Structure formats: C-alpha cells, structure tokens
Amino acid sequence: MEEQKVDPKWEGEASAEIKGTTPQQVWDLVQDFGNVHKWFPNLETCYLLDDGNQFPAQTGLIRYCAYTQTTSSSGTDQTITWWAKEKLIMIDPIKRCLSYQILENNMGFKWYVGTMEVLPIHDDGKNGCKIKWSFVCEPVEEGWSYEVLVSFYDSTLKLIAKKMEELLRSSI
C-alpha cells in the first residue's frame, strides 16, 4: 500500500483586548475591508480593486495592501515595497467575523487564509472586547519561520488594538 503524503500547514492565532469600546465599534473598523490601512500598523496603502467602495463589505471583494520598508546593509539603504492582493471569502456581521485569502503577494506566501473575529469580553458587551486574528497557511520557504510568523501576529495585533482604541477614542 502506497503511503499518501500529507502537506504540512501552519496554523496559529493571537488575541488582544480593546478597552473602552464595544464589539460593534471595533467590528465597524474590521468589516471596512478596503480601509484596513486606517488601523493596521505601518500599512501605507489599502484599496479595493473591484467595485470601488462597497460598505458593508461582501464576499468576493479584492483589496490591494502595501507597505514600504527601508533596511540598511553595509552602509547602503535598500527600500522594499511589500504587497498583497487579498480576497474577502467570508463575512458574518452577526458573529463579527471575516476571513480573507491572499491571492498574490511578494512576501513568500503560496497559500494563506486569515480570519479576524471581534468578541465581547463581558456578557453585556459594553466594557471592551477582544479581537482574535488567526491564520492557516502553507509553510513559507523564505523569510519566515513558524515562530517568527506567530510572533508577528502577536506583536502586530497588540499594535492594532492600541490603534483602534485611539481611533475610537478620538471619534467620540
């Protein structure tokens, strides 16, 4: 009997609390699929590639996201623009959850699905919420290890939570 090869996959998640907000306030930011640059750290560009400005978001929307990174090596600065085209594959406003798939990118991901979910911390949903960001992907061959990717999720989600708190506080 021939043994079938099972492709490995990476799975992980991070979560962070967002104080002084309701789950709906945070969900309003998350579900605005073409404007993630407003709250995602260092992301300079995000826009919808198809039907322009759809809100509320619907499955099938595709966004382009990019940021520029400058590194120094041997006294020489090198600027790289990292980018991804992402497709909204699931959105549930009742459960405050959405999933997206990376279609194309220059970051080394061959297959990737990310999910963001906004959950109440307390039963009343008035004293903060928790945002959970999870992923499943093929192992990345260059530039990432599983540990680095999980660490990126954890540290970035903490920055996202802080940015969302600031945005929502300033809009009150």
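Described in the following lines is the structure provided in the data block. (Residues numbered from 1 in each chain as written. Predicted model: local features only at pLDDT ≥ 70, side-chain atom pairs only at ≥ 80, totals over all residues. Heavy atoms only, no water.)

## Let's talk about the overall build of the protein
Part 1 of the reasoning: Counting its regular elements, the protein contains two helices and seven strands.
Part 2 of the reasoning: Along the protein, helices (α) and strands (β) appear in the sequence β-α-β-β-β-β-β-β-α when read from the amino end.
Part 3 of the reasoning: In summary, the protein has a C-alpha radius of gyration of 17 Å against a globular reference of 16 Å for 172 residues, a match within 12%.
Part 4 of the reasoning: Seen through its principal axes, the protein has C-alpha atoms that stretch 55 × 50 × 35 Å.
Part 5 of the reasoning: Within the protein, the fraction of its 172 residues that count as buried is 38%.
Part 6 of the reasoning: A fraction of 52% describes how many contacts in the protein between residues 6 or more apart in sequence connect residues 24 or more apart.
Part 7 of the reasoning: Approximately 10400 Å² of the protein is accessible, and the part contributed by carbon and sulfur atoms is 48%.
Part 8 of the reasoning: Distance from the positive charge centre (17 side chains) to the negative charge centre (25 side chains) of the protein: 6 Å. (Helix = DSSP H or I, 4+ residues; strand = E, 2+ residues; numbered from the N terminus. Rg over C-alpha atoms; globule rule 2.2 N^0.38 Å. Buried < 20%, exposed > 50% of the residue type's maximum accessible area, 1.4 Å probe, protein only. Contact = heavy atoms within 4.5 Å. Areas by Shrake-Rupley, 256 points an atom, 1.4 Å probe, with all protein chains shown as cover. Lys, Arg positive; Asp, Glu negative; His and termini not counted. Charge placed at Lys NZ, Arg CZ, Asp CG, Glu CD.)

## A few points about the environment of Ser-170
Part 1 of the reasoning: With respect to the helices and strands, Ser-170 occurs in helix H2 (residues 146-170).
Part 2 of the reasoning: Owing to a relative accessible area of 60%, Ser-170 belongs among the exposed residues under this scheme.
Part 3 of the reasoning: Between the alpha carbons of Ser-170 and Thr-70 there is a distance of 30 Å; along the sequence they are 100 residues apart.

## Description of H2
Part 1 of the reasoning: Here H2 spans 36 Å end to end across 25 residues, near enough to the 36 Å set by a 1.5 Å rise per residue.
Part 2 of the reasoning: The set of residues buried in H2 consists of Leu-149, Tyr-153, Thr-156, Leu-157, Ile-160, Ala-161, Met-164, Glu-165 and Leu-168. (Expected span 1.5 Å × (residues − 1).)

## Topic: the nonpolar core
Part 1 of the reasoning: One finds Val-26, Val-30, Tyr-112, Ile-131, Trp-133 and Met-164 to be the most contacted residues of the largest nonpolar core, which totals 42 residues.
Part 2 of the reasoning: Only strand S1 (10-18), helix H1 (23-30), strand S2 (45-48), strand S4 (76-92), strand S5 (97-105), strand S6 (112-120), strand S7 (129-137) and H2 provide two or more residues apiece to this core.
Part 3 of the reasoning: The greatest single-element share of this core, amounting to seven residues, is contributed by H2.
Part 4 of the reasoning: When residues no more than four places from it in sequence are discounted, the contact partners of Tyr-112 are Tyr-100, Gln-101, Ile-102, Trp-133, Phe-135, Val-136, Cys-137 and Tyr-153. (Core = buried A, V, L, I, M, F, W, Y, C linked by side-chain atoms within 4.5 Å.)

## Some details on the pairing of S6
Across a regular strand the side chains alternate sides, sitting on one face of the sheet and then on the other.
Part 1 of the reasoning: The element S6 is extensively covered by neighbouring structure, given that seven of its nine residues are classed as buried.
Part 2 of the reasoning: Pairing analysis gives five bridges linking S5 to S6, with the strands arranged antiparallel. What sits directly across from Gln-101, in S6, is Val-113. (Pairing = 2+ DSSP bridges.)

## Considering H1
Part 1 of the reasoning: Among all positions in H1, only Pro-23, Val-26, Trp-27, Leu-29 and Val-30 are buried. Considered in projection along H1, the buried side chains sweep an arc of 155 degrees and stay on one side of the axis.
Part 2 of the reasoning: Contacts from the buried residues of H1 go to S1, S4, S5, S6, S7 and H2. (Arc of directions from axis to C-beta.)

## Overview of the side chain of Thr-156
Part 1 of the reasoning: Here Thr-156 lies in helix H2.
Part 2 of the reasoning: When residues no more than four places from it in sequence are discounted, the contact partners of Thr-156 are Phe-40, Pro-41 and Trp-133.

## Digging into the packing of aromatic side chains
Part 1 of the reasoning: Going through the model one piece at a time under the given rule, you end up with 14 aromatic pairs.
Part 2 of the reasoning: Ring geometry for Tyr-64 against Trp-83: centres 6.3 Å apart, planes inclined by 20 degrees, an arrangement best described as stacked. A residue pair is termed long-range when its members are at least 10 positions apart, and Tyr-64 in strand S3 (residues 62-73) and Trp-83 in strand S4 qualify at 19 residues.
Part 3 of the reasoning: With a relative accessible area of 19%, Tyr-64 lands in the buried category.
Part 4 of the reasoning: Plain terms: the ring middles of Phe-135 and Tyr-146 are 6.5 Å apart, the flat faces sit at 50 degrees to each other, and that makes the pair tilted. Separated by 11 residues along the polypeptide, Phe-135 in strand S7 and Tyr-146 in helix H2 bring together distant segments of the chain.
Part 5 of the reasoning: Three or more aromatic residues joined by ring pairs form one cluster here, namely Trp-10, Trp-39, Phe-40, Tyr-100, Phe-109, Tyr-112, Trp-133, Phe-135, Trp-144, Tyr-146, Phe-152 and Tyr-153. (Phe/Tyr/Trp six-rings, centres within 6.5 Å; stacked < 30°, edge-to-face > 60°.)

These results come straight from atomic positions and should not be treated as a statement about function.
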